[in-house]
Amino acid sequence: MYDFTGEELFHFDFVRQFTVYDEDEYSHMEQLHCEFLFNPTVELRNIAIEEWSMDFVNLDDFFHHIENLQEFKIPLNLKAIKLEIYQEEI
């Protein structure tokens, strides 16, 4: 649960991170977010997880792991109150 916006919401956030180069030189990094926001529920209050694809041998293993997490399955059965898609420089 987070209250970034002043109200307590559950954030189910898919993030893709990109490295940006100017010609051959590193410039900066950016993140693309697809974030689903939910009203807090008892089930959601107990979820706090962060997974990184780089911790797995390949993307298939990563996706298999994520799709089998109970923490991933819970929000899939709920209705989001808002969807936000945005990109930011980090």
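Residues numbered from 1 in each chain as written. Predicted model: local features only at pLDDT ≥ 70, side-chain atom pairs only at ≥ 80, totals over all residues. Heavy atoms only, no water.

(A) The arrangement of the side chain of Glu35 in detail. Looking at the secondary structure, you find Glu35 in strand E2 (residues 25-38). One buried charge, Glu35, has no salt-bridge partner; the nearest side chain with opposite charge is Lys82, at 8.4 Å. A polar side-chain atom of Glu35 sits 3.1 Å from a polar atom in the side chain of His11. Non-local contacts of Glu35, meaning those with residues more than four positions away in its chain, are made with His11, Phe12, Asp13, Lys82, Leu83, Glu84 and Tyr86. (Helix = DSSP H or I, 4+ residues; strand = E, 2+ residues; numbered from the N terminus. Buried < 20%, exposed > 50% of the residue type's maximum accessible area, 1.4 Å probe, protein only. Lys, Arg positive; Asp, Glu negative; His and termini not counted. Salt bridge = Lys/Arg side-chain N within 4 Å of Asp/Glu carboxyl O. Polar contact = N/O pair within 3.5 Å; in protein donor to acceptor, adjacent residues only side chain to side chain. Contact = heavy atoms within 4.5 Å.)

(B) Examining the nonpolar core more closely. Ranked by size, the top nonpolar core spans 10 residues in total: Phe10, Phe12, Phe38, Leu44, Ile47, Phe62, Ile66, Leu69, Phe72 and Ile74. Sorting the residues of this core by element identifies strand E1 (10-22), helix H2 (59-67) and helix H3 (70-76) as the ones contributing at least two each. Beyond its immediate stretch of four places on either side in the chain, Phe38 contacts Leu9, Phe10, Phe12, Leu44, Pro75, Leu78, Lys79, Ala80 and Ile81. (Core = buried A, V, L, I, M, F, W, Y, C linked by side-chain atoms within 4.5 Å.)

(C) View of the packing of aromatic side chains. Counted under the stated rule, the structure contains 10 aromatic pairs. Between Phe12 and Phe72 the ring centres are 5.8 Å apart and the planes differ by 50 degrees, which places this aromatic pair in the tilted class. With Phe12 in strand E1 and Phe72 in helix H3, the pair connects residues that are 60 residues apart, well separated along the chain. In this structure Phe12 comes out as buried when scored by relative accessible area, which is 12%. When the centroid spacing of 6.3 Å and the interplanar angle of 80 degrees are considered together, the rings of Phe14 and Phe72 count as edge-to-face. Here Phe14 is found in strand E1, whereas its partner Phe72 is found in helix H3, with 58 residues between them in sequence. For Phe14, a relative accessible area of 37% translates into the label partly exposed. (Phe/Tyr/Trp six-rings, centres within 6.5 Å; stacked < 30°, edge-to-face > 60°.)

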